[in-house]
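Single-letter residue listing:
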Amino acid sequence: MPYSLTIKASQKTKQVWEGDESSVPTSTPQRRSSLSFLGELNCRPSNLIRTTSLTEDEAKHDLSVPKVSLTPSVTSARVERLVRERQLRRSGSCYTLGDEVDAKSEALGGNGGMVGGGGNRMGEWWAATEPQSSHSKAGAHMDNYEGSRNLNEKLHPSKQRLLVVANRLPVSAIRLEGDKWDLQLSAGGLVSALLGVKHSFETRWIGWPGVSVHDEKGRASLTEALALKGCVPVFLDDDTVDQYYNGYCNNVLWPLFHYIGLPQADRLAATRSLDSQFQAYQHANSLFAKIVFSQYQEGDVVWCHDYHLMCLPQKLKELNPHMKVGWFLHTPFPSSEIYRTLPLRSELLKAVLTADLIGFHTYDYARHFVSACTRILGLEGTPEGVEDQGKLTRVAAFPIGIDPERFISALETEQVKLHVKELLRFFAGRKVMLGVDRLDMIKGIPQKLLAFEMFLEKNPQWREKVMLVQIAVPTRTDVHEYQRLTSQVHEIVGRINGRFGTVTFVPINHLDRSLAFHELCALYASTDVVLVTSLRDGMNLVSYEYVACQHMKNTEGVLVLSEFAGAAQSLGAGAILVNPWNIREMYKAIEEALTMSDEERKERHRHNFTHVMTHTAQAWAVNFVSELNDTYVEAELRTLNEPPVLPVDTAKESFRRCTNRLLIFGFNSTITAAVEAPRRDQIKESKLGLHPGMKDSLKTLCSDPNTDVVILSGSRLDVLEEVFGEYGIWLAAENGMYLRDLSGNWMPTMEHLNMDWKEYVQRVFDYFCQRTPRSYVEKRETSLVWNYKYADVDFGKVQARNMLQHLWTGPISNAAVDVVQGQKSVEVRPIGVSKGAAIDRIVFEILRNKYPNGSYTSNIQFDFVMCVGHFLSKDEDVFAYFDPEIVLHRDYRCSNGKMERNLDPRLPAKSYDRVSSKSNKTSVVRTKTYPLISPDHNGSHSSSSHSRSNSSKDGSIYSYSDRDLMGDLVNVSSDTYISCAVGKKRSSARYYLDTVNEVVSFVKSLADACPCELDSEDQSVLSVGSGSGPHVSPCSADSLPNGIPRHDL
């Protein structure tokens, strides 16, 4: 890997938001994070910060570094890094990208901006990818640039490669005679933004060239021509372009992301067409993935852009799971209520979530995305992003900017100055308002015109004293909706000009064309107000460009900005925010802007100009790539702390080699059948059933006399009876509190539990259940569970938080109960009740059943133990019970119906420690304990270590009170003990499996390795209700199976 980052594995890193001045409301929060490249100093604009920590020797020789304490390595804490970087930035020790770019621009002939259509733009873009010609005009500036570049090369021994993947390449290709091509750089904010990244990374751009090339010779020549410019083409055929780009991208995703509803289909052909377009969309993303994979080298950063490539992260991860992939959306992301109307909505979300970092322009868009993932996919949203079974996808806001120096320097050119003088002479004596938009439905041009019409109507004194210059760049002229919009705009303009115009003056100057760069800069600098009235816009950089061009004026202009544009979150402090749907509000905003005092204009402009100059396009790009590097490293560190995948072959060999085996399986989400439903179905999912692939495997394992199988679950007794009634298998219900032996007899593993709290908790649960639609209460013998997995996600969390607060501070706050918070549930159970607390009794009963009449000796122990399940964190102590790497002395006792250990006598008596040692890491968890028994009829307290009513068999020598005479029940090593979590990577288990299907496949391999084959004459012993075993009756209202009265609980 081309970078190094030192992070303590035990230290949890968190997402940090920081603005330039957190106390100033005008500052926009921007993510500041960096990744340490050894000995590397990234060149950034002056507002950015040094992205590395220099070594002590390097700091001594770096004259630009002030007296600041620099550590040799970078800490994992984001806040600590941010504080250090902020200190460096304020001390002025940072390299500025602007100085280097200016020097380079002068060396290239003085044209530092990307002017529309000119060859100089091409020179600036490609200069970063090609060596400088010896014929370049160097001069003093070139010497400065070479010196800066030499220093940069020393600090950058090797640049990290950045693969930028977008729908279109930054060039337009025109085929000339033969196999020659004319390449012209395309205008766009993304192209400008990535100019700055090229100084820190070796950038390669991958995308569609915008032309259809059918012959192989033409494709080869175009590929060769583009390779000289750092571009790699993705060739798409005409049908794919039509269905993928014109169809699914422009007719489905783009309107929906801008809150334009999907068209209502009245024919099946429309549905089939949508399916065909989505297939073309996936096919195009696959073609992009193949080209990216062919260009990828280990350590590269892949940056995918926009809604055209939402499936690309998933396809790249399928080709290489270790690829560093980021995805950024340049449009708004709609609220979940809008997005959920999209067919195949889940597929796109899942595909995007495979990326390591997902970026949006604003926090609102990021919040909408996380909400869609939680409401549609049922995933967990966190402050850092979206979490899926332990995998965290970081989601953050990275507001894009512009290159302000490009516009400021353009104002100094003679061409722009001359054009400004002409415009000021034409506008003399009038206030001028400006609108620059694409002629698009989301830009709110009709609303803008209507507001101006109302202003002229309400303020006759302003007629002939104010005019509106509207630039409407035509787009998609072949689409009927856009043709209708053009006609509507022309009609409104004609009506206003006819109503308020004169022979020598018209209030609206409307242009249906684009302007050259110098014309646009002059128009920005000559107008008094700019109107940005987007109905929905990702960012809208017109407002940034206007602010940059207003800085040279004595009287700065006013920005009237739609609150539905992404720029409103960045420039809202200095702008007049409006709701473009409210025509009356907009006309008043126009009136306020035209009559604003010079002092207020200056103050508003100062806020906006500061933001535009600091939050540049180059800063945006460098921040995103740095954050992606940082996120990838943190994900790797999380992976180091996650258990590895279960080694199936090794486990199977250990299973085959041992002679006395114990297999413990969880039930729900471990060996249950998947529910086939297009959406979350509460009725179907509530009916738990055994996975079909487990049935034969369980029968084989149960028939082996050397293998004992236990189902350890939190489910009720009757549920386990219904599912596993036909198997000769040990069942441990309600977290092991009730155990069923092979004969079908149920026995409690803990007796005389204090359940006085249950009635009160039931009333609390019923109260919240009535007020939370689709939530329900699951009643068990020893616990109560309130489940809200089917309720509204946000409302369920709020209700759960209120419930927990009430339980922790209410009448049962001092009761002997545990309040266990699951992912979407709240459970109340007696303290000490857990799967790990009951496992000692369960193992004892299994061995006593196998060796009755005193035949058990200390030499007969389980020599192979496997525990597999999807358990709550509180119940994962069952994994630690058998773990041979436990540091403490493994001497378990059962006291007051609860498992305890002989611990260090220095520890408090009313606590127990669960200490595990894995990979030389030791953690201690101390849990407060309370009495678990209730007074008997004589007023004394009973203990299960002194009484075993209803649980011992006639003729047996050992009872559980003799447990201490038996010594250790298991004798396993690290090779013969397997603990495996299912579907969760944050676990204390030694291994993990992702899905139930993987568990089924693994158990089948164990059954195949089982030396015992199921004979036909042994079939009868598998049925609990047949043969010599007593018949098991279902649970009744008054008693448990085997006659255990309920009141004994």
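What you see is a predicted model, and the numbers here were worked out from it, not measured in a lab.

Student: Any details on the overall build of the chain? Residues and values, ideally.
Tutor: Helices and strands together make up the secondary structure of the chain, namely 32 helices and 33 strands. Each of the 1049 residues in the chain was classed as buried or not, and the buried ones make up 55%. Within the chain, residue pairs in contact and separated by at least 24 positions form 73% of the contacts whose partners lie at least 6 positions apart. Carbon and sulfur atoms make up 50% of the accessible area of the chain, which amounts to about 45200 Å² in all.

Student: Can you tell me about the pattern of salt bridges, naming the residues and giving the values?
Tutor: Scanning the model with the defined rule gives 39 salt bridges in all. Measuring nitrogen to oxygen at the nearest pair gives 3.0 Å for the salt bridge that ties Glu 600 to Arg 604. Taken together, the residues span about one helical turn, with Glu 600 and Arg 604 both in helix H22 (residues 598-614) at a distance of 4 residues. We note a salt bridge from Arg 848 to Glu 845, for which the minimum N-O separation is 2.9 Å. Here Glu 845 and Arg 848 lie together in helix H30 (residues 835-850), a separation of 3 residues that amounts to about one turn. Of the two residues examined, Arg 848 and Glu 845, each falls in the buried class. Via salt bridges that share partners, Glu 778, Arg 780, Glu 827, Arg 829, Lys 835 and Asp 875 belong to a single interconnected network.

Student: Go over the nonpolar core, please, and point to the residues and values.
Tutor: Of all hydrophobic cores here, the largest spans 98 residues; its most connected members are Phe 724, Phe 765 and Phe 882. Here this core spans two domains, and each of domain 3 (648-675 + 686-749 + 839-887 + 972-1008) and domain 4 (756-830) adds at least three residues to it. With near-sequence residues (within four places) excluded, Phe 765 lies in contact with Val 777, Leu 784, Val 785, Trp 786, Met 803, Leu 807, Val 826 and Val 828. Core analysis: the second largest hydrophobic core is formed by 76 residues, Leu 169, Val 420, Leu 523 and Ala 565 among them.

Student: Please provide a residue-by-residue account of helix H17 (residues 480-500), values included.
Tutor: Compared with an ideal rise of 1.5 Å per residue, which puts 21 residues at 30 Å, H17 spans 31 Å between its outermost C-alpha atoms and is within 8% of the ideal. Summarising the contacts, the buried residues of H17 are in contact with helix H8 (238-257), helix H16 (445-458) and strand S14 (508-511).

Student: Can you explain the sheet that holds S14? Please cite residues and give values.
Tutor: The parallel open sheet is built from 6 strands, whose spatial order is S14-S13-S12-S15-S16-S17. Here the strands that pair on one side only, and so sit at the sheet edges, are S14 and strand S17 (576-578). For this sheet, the mean angle separating the axes of adjacent strands, direction not counted, is 20°. With 8 bridges connecting them, strand S12 (residues 431-438) and strand S13 (residues 466-473) associate as parallel partners. Along S13, the bridge assignment pairs Asp 437 with Ala 472.

Student: Let's hear about the pairing of S14: which residues, and what values?
Tutor: Within a regular strand, the side chains alternate between the two sheet faces. Pairing of S13 with S14 involves 4 bridges; the strand directions are parallel. By the bridge assignment, Ile 471 is partnered in S14 with Leu 511. Remark: the S13/H17/S14 crossover connection has right-handed handedness.

Student: Describe empty space enclosed by the protein, naming the residues involved and giving the relevant values.
Tutor: A complete count under the given rule lists 5 cavities of 30 Å³ or more for this structure. Around the second largest cavity, the lining residues are Tyr 546, Val 547, Gln 550, Gly 557, Val 558, Leu 559, Gly 574, Arg 601, Arg 604, His 605 and Asn 608. Within the residue set of the lining of the second largest cavity, elements represented by two or more residues are helix H19 (542-549), strand S16 (558-562) and H22. Ranked by residue count, the leading element in the lining of the second largest cavity is H22, at 4 residues. The residue inventory of the lining of the second largest cavity, partitioned by class, reads 4 nonpolar, 5 polar and 2 charged.

Student: Can you lay out the environment of Glu 876 for me, pointing to particular residues and giving the numbers?
Tutor: Relative to the elements of secondary structure, Glu 876 occurs in the loop between strand S27 (864-869) and helix H31 (877-882). Sequence-wise, Glu 876 and Ser 987 are 111 residues apart; in three dimensions their C-alpha atoms are separated by 7.6 Å. Contacts of Glu 876, omitting those with residues within four sequence positions, involve Phe 871, Lys 984, Ser 987 and Ser 988.

Student: Just give me the short version of the packing of helix H24 (residues 648-657) against helix H32 (residues 996-1009), but keep the residues and values in it.
Tutor: Where H24 contacts H32, the axes come no closer than 10 Å and their chain directions differ by 35°. Between H24 and H32 lies a crossing of right-handed hand. Taken together, the residues of H32 that come into contact with H24 (itself represented by Val 648, Ala 651, Lys 652, Phe 655 and Arg 656) are Phe 1002, Ser 1005, Leu 1006 and Ala 1009. The residue inventory of the contact of H24 with H32, partitioned by class, reads 6 nonpolar, 1 polar and 2 charged.

Student: Could you give an account of the sheet that holds strand S21 (residues 738-740), with specific residues and numbers?
Tutor: Pairing is mixed across the open sheet formed by 8 strands, whose spatial order is S22-S21-S20-S19-S18-S27-S32-S33. What marks the edges here is a single partner per strand, and that holds for strand S22 (746-748) and strand S33 (991-993). The mean angle between the axes of side-by-side strands here comes to 20°, regardless of whether they run parallel or antiparallel. Sheet topology places strand S18 (residues 661-665) next to strand S19 (residues 707-712); 5 bridges connect them, and they run parallel. Among the inter-strand pairings, Leu 662 is bridged to a residue of S19, identified as Asp 708.

Student: So what's going on with the packing of helix H26 (residues 695-703) against H32? Which residues, and what values?
Tutor: Between H26 and H32, the least distance of the axes is 9 Å, while the angle of their chain directions is 40°. Comparing their axes, H32 and H26 come out oblique. Pair H26 / H32 crosses with left-handed handedness. Here H26 contributes Ser 697, Thr 700 and Leu 701 to the contact with H32, which in turn contributes Val 1003, Lys 1004, Leu 1006 and Ala 1007. Class assignment for the residues of the contact of H26 with H32 results in 4 nonpolar, 2 polar and 1 charged.

Student: Give a description of helix H27 (residues 717-724) that names residues and reports values.
Tutor: Across the 8 residues of H27, 6 count as buried, placing the element largely inside the fold. All of the buried residues along H27 are Leu 717, Val 719, Leu 720, Glu 721, Val 723 and Phe 724. The secondary structure elements touched by the buried residues of H27 are H26, S19, strand S20 (730-733), S21 and S22.

Student: Give me the side chain of His 691: which residues, what numbers.
Tutor: Examined against the element boundaries, His 691 turns out to sit in the loop between helix H25 (682-686) and H26. Since its relative accessible area comes to 16%, His 691 is described here as buried. A polar contact of 3.0 Å, which involves the side chain of His 691, links it to the backbone nitrogen of Gly 693. If we skip the residues at most four places from it in the chain, His 691 touches Ile 671, Thr 672, Ala 673, Val 996, Asn 997 and Val 1000.

Student: Give a detailed account of the packing of aromatic side chains, specifying residues and quantitative values.
Tutor: Enumeration according to the criterion identifies 31 aromatic pairs in this entry. Aromatic pair Phe 655 and Phe 864: ring centres 5.6 Å apart, planes at 80°, arrangement edge-to-face. You can see Phe 655 sitting in helix H24 and its partner Phe 864 sitting in strand S27, a full 209 residues away along the chain. For Phe 655, a relative accessible area of 0% translates into the label buried. The ring of Tyr 259 has Arg 536 sitting right over it, with the charged end atom 3.7 Å from the ring centre. Its end group placed over the ring of Phe 655, Arg 661 keeps NZ or CZ at 4.4 Å from the ring centre.

Student: So what about a negative patch on the surface? Which residues, and what values?
Tutor: A contiguous patch of negative charge on the surface is contributed by Asp 237, Asp 238, Asp 239 and Asp 242. Residue classification places Asp 242 among the partly exposed residues on the basis of a relative accessible area of 43%.

Student: Please set out unusual backbone geometry residue by residue, giving values where relevant.
Tutor: Of note in the backbone geometry, Asp 306 takes a positive phi value of approximately 75° without being a glycine. Of note in this structure, Asn 735 is not a glycine but carries a positive phi near 60°. With respect to the helices, strands and loops of the structure, Asn 735 is situated in the loop between S20 and S21. Residue class for Asn 735 comes out buried when judged on its relative accessible area of 3%.

Student: I'd like a description of the pairing of strand S24 (residues 784-787), backed by residues and values.
Tutor: Burial along S24 is two-sided: the residues Leu 784 and Trp 786 and Val 785 and Asn 787 are all buried. Hairpin connection between strand S23 (residues 776-779) and S24: a loop of 4 residues separates the two successive antiparallel strands. Bridge count between S24 and strand S26 (residues 825-830): 4 bridges; the pairing is antiparallel. Bridge pairing links Trp 786 to Val 826 in S26.

Student: Could you give an account of the environment of Leu 163, naming the residues involved and the relevant values?
Tutor: Here Leu 163 is to be found in strand S1 (residues 160-168). With a relative accessible area of 0%, Leu 163 lands in the buried category. For the pair formed by Leu 163 and Cys 231, sequence separation is 68 residues and the distance between their alpha carbons is 9.7 Å. Not counting the four nearest positions on each side in its chain, Leu 163 is found in contact with Arg 204, Val 292, Gln 295, Tyr 296, Asp 300, Val 301, Val 302 and Trp 303.

Rules behind the numbers
Residue numbering note: each chain is counted from 1, following its sequence as written. Restriction of local features to residues with pLDDT of at least 70 applies here, the model being predicted, together with a cutoff of 80 or more for giving and counting side-chain atom pairs; totals for whole chains, interfaces and linings are based on all residues. Water and hydrogen atoms were dropped before computing side-chain values, which therefore reflect all heavy atoms in the structure. Each helix corresponds to a stretch of at least 4 residues labelled H or I by DSSP, and each strand to a stretch of at least 2 residues labelled E; elements are numbered beginning at the N terminus. Buried means the residue's accessible area, taken with a 1.4 Å probe over protein chains only, is under 20% of the maximum for its type, while exposed means over 50%, and partly exposed covers the values in between. What makes two residues a contact is simply this: any of their non-hydrogen atoms within 4.5 Å. Per-residue accessibility takes into account occlusion by the displayed protein chains alone, with areas from the Shrake-Rupley method and a 1.4 Å probe. A carboxyl oxygen of Asp or Glu within 4 Å of a side-chain nitrogen of Lys or Arg is what we treat as a salt bridge. Think of a nonpolar core as a cluster: buried Ala, Val, Leu, Ile, Met, Phe, Trp, Tyr and Cys residues, connected wherever their side-chain atoms sit within 4.5 Å. Domain start and stop points were drawn from an automatic or database domain assignment. By this rule, a helix spans an expected 1.5 Å times one less than how many residues it contains. At least two DSSP bridges between two strands are needed for those strands to be called paired. Helix axes are fitted to C-alpha atoms over the stretch in contact, other axes to C-alpha atoms as well, and angles between N-to-C directions run from 0 to 180 degrees. By convention, a crossover is right-handed whenever its connection, traced from the first strand over the helix to the second and viewed with the strands pointing away, goes clockwise. The method works on a 1 Å grid over the protein atoms by themselves. A cavity is a set of points holding a 1.4 Å probe that cannot get out, a pocket is an open set with protein on both sides within 12 Å along at least five of seven lines, and residues with an atom within 4 Å of a point line them. Grid points are joined across faces, edges and corners, and a volume is the space filled by probe spheres set on the points. Amino acids outside the nonpolar list (Ala, Val, Leu, Ile, Met, Phe, Trp, Tyr, Cys, Pro) and the charged list (Asp, Glu, Lys, Arg) are all regarded as polar, and Gly is one of them. For any pair of crossing helices, the crossing counts as left-handed if the nearer helix is rotated counterclockwise from the farther one by less than a right angle, and right-handed if it is rotated clockwise. Should an angle lie under 35 degrees it is considered roughly parallel, over 145 roughly antiparallel, and from 65 to 115 roughly perpendicular; all remaining angles are considered oblique. Distance and chemistry together define a polar contact, namely a pair of N or O atoms within 3.5 Å, with one atom able to donate a hydrogen and the other to accept it when in protein, and with adjacent residues in sequence counting only for side-chain atoms on both sides. Stacked, tilted and edge-to-face pairs are distinguished by plane angle, under 30 degrees for stacked and over 60 for edge-to-face with tilted covering the rest, among Phe, Tyr and Trp rings (Trp via its six-membered ring) whose centres lie within 6.5 Å. For a Lys NZ or an Arg CZ to count as sitting over a ring, it must be within 6 Å of the ring centre and within 35 degrees of the ring normal. Only residues whose relative accessible area exceeds 30% and that form no salt bridge are eligible for patches; like-charged ones are grouped when within 9 Å, while nonpolar side chains (Val, Leu, Ile, Met, Phe, Trp, Tyr) are grouped when within 5 Å. Neither His nor the chain ends is counted toward charge; the positive residues are Lys and Arg and the negative residues Asp and Glu. By convention, the charge on Lys lies at NZ, on Arg at CZ, on Asp at CG and on Glu at CD.

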